[in-house]
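Commentary on secondary and tertiary structure
Residue-level listing of the chains:
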Amino acid sequence: MWWQDAVVYQIYPRSFQDSDGDGVGDLRGITQRLDHLAYLGVDALWLSPIYPSPLADFGYDVSDYTGIDPQFGTMGDFDELVAAAHERGLRVLLDLVPCHTSIEHPWFREHPDRYIWSPVDGPPNNWVSAFGGPGVESRRGERPLVPALVLSRAAGPRTGATRKSSRRCRTSSASGSGRGVDGFRLDAIDRLVKDEQLRDDPPASRPFPLPLDPEAARLEMRYSGNRPEAIEALRALREAAGDALLVGELYRPVGEYERWLEVLDLVFAFEFLFSPWDAERLRAAIEPAAELRRAAWVMSNHDFDRLATRVGPENLRAAAVLLLTLPGTAFVYQGDELGLANGPGHEPPFDRAGRDRLRHPMQWDAHGGFTSGTPWLPLVDPEARNVADERADPGSLLNLYRSLIELRRELGAGFRLLDAEPGVVAFERDRHTVAVNTTAEPRPAPEGEPVLATHEGEGLPPHAALIVRN
Ligand code: GLC
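Quick notes on the rules
- Residues numbered from 1 in each chain as written.
- Predicted model: local features only at pLDDT ≥ 70, side-chain atom pairs only at ≥ 80, totals over all residues.
- Heavy atoms only, no water.
- Helix = DSSP H or I, 4+ residues; strand = E, 2+ residues; numbered from the N terminus.
- Expected span 1.5 Å × (residues − 1).
- Buried < 20%, exposed > 50% of the residue type's maximum accessible area, 1.4 Å probe, protein only.
- Contact = heavy atoms within 4.5 Å.
- Polar contact = N/O pair within 3.5 Å; in protein donor to acceptor, adjacent residues only side chain to side chain.
- Pairing = 2+ DSSP bridges.
- Axes fitted to C-alpha atoms, helices over the stretch in contact; angles between N-to-C directions.
- Parallel < 35°, antiparallel > 145°, perpendicular 65-115°, else oblique.
- Left-handed = near helix turned anticlockwise from the far one by under 90°.
- Nonpolar A, V, L, I, M, F, W, Y, C, P; charged D, E, K, R; others polar.
- Salt bridge = Lys/Arg side-chain N within 4 Å of Asp/Glu carboxyl O.
- Near = heavy atom within 4 Å.
- Areas by Shrake-Rupley, 256 points an atom, 1.4 Å probe, with all protein chains shown as cover.
- 1 Å grid on protein atoms, 1.4 Å probe; cavity = no way out; pocket = protein on both sides within 12 Å on 5 of 7 lines; lining within 4 Å.
- Points joined across faces, edges and corners; volume = space filled by probe spheres on them.
- Core = buried A, V, L, I, M, F, W, Y, C linked by side-chain atoms within 4.5 Å.

Another aspect to go through is helix 10 (residues 279–292). Between its first and last C-alpha atoms helix 10 spans 20 Å; for 14 residues at 1.5 Å apiece the expected length is 20 Å, and the two agree. Three or more residues of helix 10 are buried, namely A279, L282, R283, A285, I286, A289, A290 and L292. Turning to helix 10, the residues buried within the fold contact helix 8 (257–260), helix 9 (270–274), strand 7 (295–298), helix 12 (316–325), strand 9 (416–417) and strand 10 (424–429). The opening residue of helix 10, the one whose side-chain oxygen lies 3.2 Å from the backbone nitrogen of E280, is D278. Backbone geometry just after helix 10 places R293 at a positive phi near 65°.

In structure tokens, the structure reads:
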């Protein structure tokens with residue numbers, strides 16, 4: 001399978017490249033910048049949603065699953081982007097959002113029966129929404145921000161629609177019936193099916209390993225989501241998608257991934273994403289995910305703190321080594337390869353959950369290079385870091401990403417975590433050993449011929465990572 005050791009680059013379309021000066025990124029802009037992805041050497045790109053949307057949740061509230069939002073361009077622009085990506089050997093993943101629609105979706109008017117409603121005034125149960133607050137509260141006829149769809153059976157109307165739209169995107173554009181997309185990231189997939197009887201979630205009996213809204217953390221998600229029926233429902237999608245890559249956004253403990261992997265190819269390794277930059281904690285997150293062989297390594301995205309903010313700028317190079325040498329598929333969020341940190345956000349906020357800080361535009365050169373107009377969110381620090389300068393500097397973080405992506409092709413299929421010095425994460429990939437020093441003190445280097453080092457100096461300097469060949 002092409003995706004097995006692939007590097008997937010996440011594009012946040014509003015913030016990648018604007019081609020028409022309206023300050024918002026678009027599809028033509030992405031096509032113009034594909035050389036950046038080719039330079040990095042990634043295998044695929046994932047586009048966060050590009051469908052028509054009133055932007056109550058920045059595109060994750062879809063009003064038409066078959067169209068392109070005019071701000072992003074036209075279907076013709078999309079076909080051109082897919083063709084241009086394929087010409088460069090880059091696969092294309094779309095974001096599929098099956099759990100809710102926008103209230104502007106025609107179903108909301110025409111098929112209210114396809115949505116979950118409260119039978120009483122106010123919340124009928126203790127469910128907590130992904131953003132905090134009641135999970136269900138609107139009565140039929142009211143207008144929630146992003147209404148949740150009903151799905152309880154594999155044959156329900158919604159899987160039918162999801163199936164059709166995935167097939168349409170998937171089949172080759174050459175046949176005229178599809179658009180040649182190579183896979184899908186499935187949004188919020190643990191919330192796909194909810195209990196028909198709207199039963200209360202029971203109190204949590206143990207701590208949840210991922211950050212949660214405090215209200216949600218007190219409950220175990222048994223009825224508001226995480227339903228076994230979801231896996232059955234996904235079988236239909238699996239079938240329609242054929243061999244397209246399906247990667248699930250499953251916000252669950254890694255111990256639960258296995259059953260979802262019956263129908264999905266990959267599941268994001270969120271415990272790894274949230275692990276503090278501490279060797280013990282990282283090892284604990286890596287071990288079970290690596291055993292599955294199908295966890296997608298990821299360290300940031302459009303929802304959570306940027307990598308530079310999470311691990312600190314001093315650890316960015318070592319984090320790149322770790323992300324790109326673990327066995328299996330890795331996801332890189334646009335801008336992380338430059339070392340972009342969280343930005344200031346926007347006042348008043350665009351995003352209801354405070355995520356503007358993670359979505360500032362790409363920095364192509366010292367002036368920005370993102371738009372000829374006024375960017376929808378300001379650029380953070382283009383003079384300090386940008387693609388043009390980092391390309392020209394052999395020691396830059398960008399060029400480290402590039403070298404790692406090239407080197408990872410030589411790493412074998414093997415993987416074994418090693419006992420290492422305190423504060424060091426070390427593992428073997430067949431003939432290579434990778435050692436990552438998460439501390440501010442020097443540590444001894446692993447034995448072998450150095451092939452890539454993040455820092456100069458003897459041994460394993462503070463915050464450094466080293467790859468040696470044995
Ligand atoms: C996913 C998306 C996020 C969105 C949420 C609701 O977590 O990544 O951006 O807000 O789903 O669809």
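A few words on the pairing of strand 10. Most of strand 10 sits inside the fold, with 5 of its 6 residues counted as buried. Where strand 9 meets strand 10, 2 bridges bridge the pair, whose relative direction is antiparallel. When the sheet's bridge partners are listed, R416 is paired in strand 10 with E428. In textbook terms, the turn of a hairpin is the stretch between consecutive antiparallel strands, and for strand 9 and strand 10 this stretch comprises 6 residues, one of which, G423, has a positive phi near 85°. Relative to strand 11 (residues 432–437), strand 10 is paired through 6 bridges, and the arrangement is antiparallel. Paired with R429 across the strands is H432, a residue of strand 11.

Here we take up the sheet that holds strand 13 (residues 465–469). In space, the 5 strands of this open sheet follow the order 9-10-11-13-12, with antiparallel pairing throughout. Of all strands in the sheet, those bounded by a partner on one side alone are strand 9 and strand 12 (449–453). Against the sheet, helix 10 contacts strand 9 and strand 10, and its axis sits at roughly 35° relative to strand 10.

Moving on, we get to the packing of helix 12 against helix 14 (residues 397–407). Remark: helix 12 packs on helix 14, axes separated minimally by 10 Å, with the N-to-C direction vectors making an angle of 20°. Between helix 12 and helix 14, the interaxial angle falls into the category roughly parallel. In the packing of helix 12 onto helix 14, the handedness of the crossing is right-handed. Judged by residue contacts, L316, R317, A320, V321, L324 and T325 of helix 12 engage L397, L400, Y401, L404 and I405 from helix 14. For the contact of helix 12 with helix 14, the per-class residue count stands at 9 nonpolar, 1 polar and 1 charged.

If you walk through the whole model with that rule in mind, you get 28 salt bridges. The partner of R235 in a salt bridge is E232, and the shortest N-O contact between them spans 3.0 Å. Taken together, the residues R235 and E232, both in helix 7 (residues 228–241) and 3 residues apart, mark about one turn of the helix. The salt bridge involving R355 is made with D351; its shortest N-O contact spans 2.8 Å. Across the pair, exposure class does not vary: R355 and D351 are buried alike. One salt-bridge network, in which partners are shared between bridges, spans D57, D303, D351, R352, R355 and R359.

Around the ligand, a shell composed of D57, Y60, H100, F131, R185, D187, E249, H302, D303, R355 and R359 is seen. A distance of 2.7 Å separates an oxygen atom of the ligand from a polar side-chain atom of E249. R355 places a polar side-chain atom, nitrogen or oxygen, 3.1 Å from an oxygen atom of the ligand. Starting from 310 Å² of accessible surface for the ligand in isolation, the protein chains cover 91%. Taken together, the residues of the shell around the ligand break down into 2 nonpolar, 2 polar and 7 charged.

In this section: empty space enclosed by the protein. It is a probe the size of a water molecule, rolled over the atoms, that shows where empty space is left. Per the stated rule, a full pass over the model turns up 2 cavities of 30 Å³ or more. Here the second largest cavity defines a volume of roughly 30 Å³. Along the walls of the second largest cavity sit Y12, P13, R14, S48, P49, F58 and F72, which together make up its complete lining. Grouping the constituent residues of the lining of the second largest cavity by class yields 5 nonpolar, 1 polar and 1 charged.

Looking now at the nonpolar core. Counting 127 residues, the largest nonpolar core has L47, F272, W297 and L322 as the members making the most contacts within it. Considering every element that reaches this core, the biggest residue donor is helix 12, with 8 residues. Residues in contact with L47, not counting those within four places in the same chain, are I11, P13, L27, I30, F78, L81, L93, L94 and D95.

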